[in-house]
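What follows is the residue order along each chain.
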Amino acid sequence: MARRIDVTGTGGVRLAAWEFGDPPKTDPAQDGQGAYDGHTAPAGSPGVLLLHGLMGRASHWAYTARWLSARYRAVALDQRGHGRSDKPPQGSFTRDAYVDDAEAALEQLGLAPVVLIGHAMGALTAWQLAARRPDLVRGLIICDMRASALGAASQREWDQWFKAWPLPFATLADVRKWFGEDDPWVERPNPARGEFYAEVMAESPDGWRPVFEPEQMLRSRETWVYDAHWEELAQVRCPALVVRGLDGELGRAEAQEMVRVLPRGQYAEVADAGHLVHYDQPEAWRAAIEPFLDSLGDD
């Protein structure tokens, strides 16, 4: 099961965090701002914070978080603009805002020193936080996120892609079919991709629409696509694992260069997986990251 705990991000944005595993023996104590004051997990249980990618939500981590919860205090965060967290129309969607939110969540939830696991944009947030606050992070897993600048052409492609979505979708089956088969970005049928996007749709009076605002996603993306992020990788002091899907967006050469730049970097890849590595191949993803987690120990 997953239990919701509200935390307060930078600028007062309300963020929904989801803790996976058995319910606590007592009710959590929370103040008026949503800060978490206690937890009944066994003493010494290490914390894990899972950060989804652009357009994602905490529930995309459900499989991973559930097996982690046998050993860790596993929490997945709906980042600002995503899932059930606030989507302030005039809110900040900068890199600093996302990193500040993750830092606030760690502190309010009492998870530090934590293992950060991030996918795509969430991985960038994770390594930027690890570089900024090494005292809070004891391990880092980067899933299919590039350190190179993607450039203006990439941002234009995303803008055009959002405009191509046939909104609203009449049914969730239509969502699954479009994103899994009909989307021009899909090279071959991918049911997992269809399911991924079905999870970020909500029913409205005229059909099914995304739970996020595409304009906010573009605003979020434009704060990192024009820059490279190698320098921040080099500042990560904790052990770090770079994971890529063989058919994902992170190429092998760049992934191996990221491992070289990381002071304590390691590498893993998942066969028959695209960009949504943890969603495409959950068992293979587990097999790729579990040895790294084992090497960190439970201290």
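Now for a description of the structure that goes with this document. Keep in mind it's a predicted model, so treat the numbers as computed, not measured.

Moving on, we get to the overall build of the protein. Tallying secondary structure elements over the protein gives 11 helices and 10 strands in all. Relative to its length of 299 residues, the protein is compact, with a C-alpha radius of gyration of 18 Å against a globular reference of 19 Å. Projected onto its principal axes, the C-alpha positions of the protein cover 50 × 45 × 35 Å. Relative to its 299 residues, the protein shows a buried fraction of 54%. Of all intrachain contacts in the protein linking residues separated by at least 6 positions in sequence, the fraction that spans at least 24 positions is 71%. When the accessible surface of the protein is totalled, it reaches about 12600 Å², and 48% of it is carbon and sulfur. In the protein, 31 positive and 44 negative side-chain charges are present, and the distance between their average locations comes to 1 Å.

This paragraph deals with the packing of aromatic side chains. Summed over all chains, the structure comprises 18 aromatic pairs. Taking the centre distance of 6.0 Å and the plane angle of 65 degrees together, the rings of W158 and F162 count as edge-to-face. Residue W158 and its partner F162 are both found in helix 4 (residues 152-164); the two are separated by four residues, about one turn of the helix. Accessibility assignment for this pair places W158 and F162 in one class, buried.

Moving on, we come to the pattern of salt bridges. Across all of its chains, the model carries 25 salt bridges by this definition. When the shortest N-O distance is used, the salt bridge between R14 and D6 registers 4.0 Å. Ionic pairing is found between R133 and E103, a salt bridge with its closest N-O pair at 2.6 Å. On the criterion of sequence distance, the pair formed by R133 in the loop between helix 3 (121-132) and strand 6 (137-143) and E103 in helix 2 (residues 95-109) is long-range, its members being 30 residues apart. No difference in accessibility class separates R133 from E103, as the two residues are buried. Each of D96, D100, E103, E107, R132, R133 and D135 takes part in a single network of salt bridges with overlapping partners.

Our next topic: the side chain of R95. In this structure, R95 sits in helix 2. It is E232 that comes nearest to the buried, bridge-free R95 among opposite-charge side chains, at 7.5 Å. Engagement of the side chain of R95 in a polar contact is seen with the side chain of T125, the distance being 2.9 Å. Leaving out residues up to four positions away in the same chain, R95 has contacts with M121, L124, T125, Q128, T223 and W224.

Here helix 11 (residues 282-296) contains 15 residues, and its C-alpha end-to-end distance of 21 Å stays within 8% of the 21 Å for a straight helix at 1.5 Å per residue. Residue I289 marks the point of greatest curvature in helix 11, where the axis turns by about 30 degrees; the proline P291 follows within four residues. Next to the buried residues of helix 11 lie helix 1 (62-68), strand 5 (114-119), strand 6, strand 9 (240-245), strand 10 (265-270) and helix 10 (277-280). Residue G297 follows helix 11 closely and has a positive phi angle near 75 degrees.

Once that is clear, we can look at the sheet that holds strand 9. Spatially, the eight strands line up as an open sheet ordered 1-2-4-3-5-6-9-10, and their pairing is mixed. Every interior strand has two partners, whereas the edge strands, strand 1 (2-8) and strand 10, have only one. Neighbour-to-neighbour, the strand axes of the sheet open up by a mean angle of 20 degrees, direction not taken into account. In terms of strand pairing, strand 9 meets strand 10 through six bridges, oriented parallel.

Conventions we followed
Starting from 1, residues in each chain are numbered consecutively following that chain's sequence as written. Residue-level local features of this predicted model are given only where pLDDT is at least 70; pairs of side-chain atoms are given and counted only at 80 or more, and the full residue set underlies all totals for whole chains, interfaces and linings. Excluded from the side-chain calculation are hydrogens and water; included are all heavy atoms of the structure. Numbering of helices and strands runs from the N terminus, with a helix taken as a DSSP run of H or I at least four residues long and a strand as a DSSP run of E at least two residues long. Only C-alpha atoms enter the radius of gyration, while the globule expectation follows 2.2 Å times N to the 0.38, with N the number of residues. Exposure categories follow from relative accessible area, calculated using a 1.4 Å probe and restricted to protein chains: below 20% of the type maximum is buried, above 50% is exposed, and the middle band is partly exposed. Note on contacts: a residue pair is in contact if any heavy atoms of the two residues lie within 4.5 Å. Throughout, the Shrake-Rupley method with a 1.4 Å probe supplies accessible areas, and for residues the shown protein chains are the sole cover considered. Charge counting follows a simple rule: Lys and Arg are positive, Asp and Glu are negative, and His as well as the terminal groups are ignored. Throughout, a charge is located at the NZ atom of Lys, the CZ atom of Arg, the CG atom of Asp or the CD atom of Glu. Aromatic contacts are taken between Phe, Tyr and Trp rings whose centres are within 6.5 Å, Trp giving its six-membered ring; a plane angle under 30 degrees counts as stacked, one over 60 as edge-to-face, and the others as tilted. Each salt bridge in this description consists of a side-chain nitrogen of Lys or Arg and a carboxyl oxygen of Asp or Glu lying within 4 Å of one another. Here a polar contact is taken to be a pair of N or O atoms separated by no more than 3.5 Å, where protein atoms must pair a possible hydrogen donor with a possible acceptor and residues adjacent in sequence count only if both atoms sit in side chains. Helix span, as expected, comes to 1.5 Å for every residue beyond the first. Note on bend: the value at a residue is the angle between axes fitted to the seven residues ending there and to the seven starting there. Each pair of strands is called paired provided DSSP finds at least two bridges between the two strands. Each axis is a line fitted through C-alpha atoms, and for a helix only the stretch in contact is used; angles between axes span 0 to 180 degrees, taken between their N-to-C directions.

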